[in-house]
Amino acid sequence: MASMDGGFVDCHCHITACEFAEDLEDVIKRTREAGVKTLISVTEEPSEFERVIQLFKSYPDLVAPCFGIHPVQGCGSHDQRSVKIQDLEPALPLFQKYRDDIVAVGENMRTYESWWFLLTRVFNIPRLPSAHLRFVLRDNSMIGLDYTPWYAPTSQEREEQLTVFTKQLQISKDLDLPVNIHSRSAAKVTIATLKEQGITCALLHNFAGKPSVAMEGVQAGYFFSFPPAVCRNDQKAKLIKQIPLEHICLETDSPALGPEKHVRNEPKNISLVCEYIAHVKGITPQMVIHATSDNALRLFPKIKRLE
Ligand SMILES: [Zn+2]
């Protein structure tokens, strides 16, 4: 499905990831050829903020920066550890400095890396050394809470996650920006926290909760995005069927969550998830592309300047 009308909005991807460092130009070319109009490019750590701004300056008509930090800091290094409140401090001036350039606030999660992190701590096994395998392990990236027991085994870790999460929600309110949310094993508390904090503009990326909990988010006006990995099986079909099209967006989470396991994902694969959602809902891909792009514009109004 090549470029159609308004084009696609990839609401969550990691274009700053090291997996794209060597052939970024080609990836961008294929992205444009596939009809992707906007890449909402999320970050994982404050050290990535400047890089995403640099890419925004190189591709101002395509890249839309989203700043955030995730609960495992030092990903890809030998010093992975759970996020602390102090980790937010170096990020604060950058949120202010680039407040006009960023289109959303989000933090990131890498659950599989977290499993690995815990395994290496518990069993003293060596760390995964090769950078090229990072995309295999990275999954479910984005802002929010991850209460997977082996990742956040203590209530203190969960409380600290919640504090970092709510502080970033506060930043989004101060900057009047939408939020890009990750939720795993924490669906109910994530949605309850968003509502308690008075968040009205939120995207729940690759949501891993029950349809009944998702519907609470729909009631609150939140949006849900799905990556090409949903095409691999019908695990999310029930959820996709139940969420009204007016609350659905598209994402790729590149380089993770692609149509094939262990293969680098690219934004060009967004058409696959579009076709899958169309199939599940019994409508045309054109209807999905129109609706999801409209939804993305409603949710991230600052991307309109990129048109
Ligand atoms: Zn991600």
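A. Broad picture of the overall build of the chain. In terms of helices and strands, the chain carries 11 helices and 11 strands. Within the chain, buried positions represent 59% of all 307 residues. Sequence-distant contacts, at least 24 apart, represent 75% of the contacts inside the chain between residues at least 6 apart. For the chain, the exposed surface amounts to about 12,600 Å²; the carbon and sulfur share of it is 53%.

B. The arrangement of the pattern of salt bridges in detail. Tallied over the entire structure, the rule returns 7 salt bridges. Taking the shortest distance from any N to any O, the salt bridge between glutamate 33 and lysine 29 comes out at 3.1 Å. Of this pair, glutamate 33 and lysine 29 both sit in helix H1 (residues 24–33), separated by 4 residues, roughly a single helical turn. By relative accessible area, which is 49% here, glutamate 33 ends up partly exposed. One network of salt bridges, with partners in common, ties together Asp23, Arg30, Arg264 and Glu266.

C. Local environment of helix H11 (residues 285–299). If you check H11, its first and last C-alpha atoms are 21 Å apart, about what 15 residues at 1.5 Å a residue would give, namely 21 Å. Of the surrounding elements, those touching the buried residues of H11 are strand E1 (8–13), strand E9 (202–208), strand E10 (223–226), strand E11 (248–250) and helix H10 (270–281).

Conventions we followed
Residues numbered from 1 in each chain as written. Predicted model: local features only at pLDDT ≥ 70, side-chain atom pairs only at ≥ 80, totals over all residues. Heavy atoms only, no water. Helix = DSSP H or I, 4+ residues; strand = E, 2+ residues; numbered from the N terminus. Buried < 20%, exposed > 50% of the residue type's maximum accessible area, 1.4 Å probe, protein only. Contact = heavy atoms within 4.5 Å. Areas by Shrake-Rupley, 256 points an atom, 1.4 Å probe, with all protein chains shown as cover. Salt bridge = Lys/Arg side-chain N within 4 Å of Asp/Glu carboxyl O. Expected span 1.5 Å × (residues − 1).

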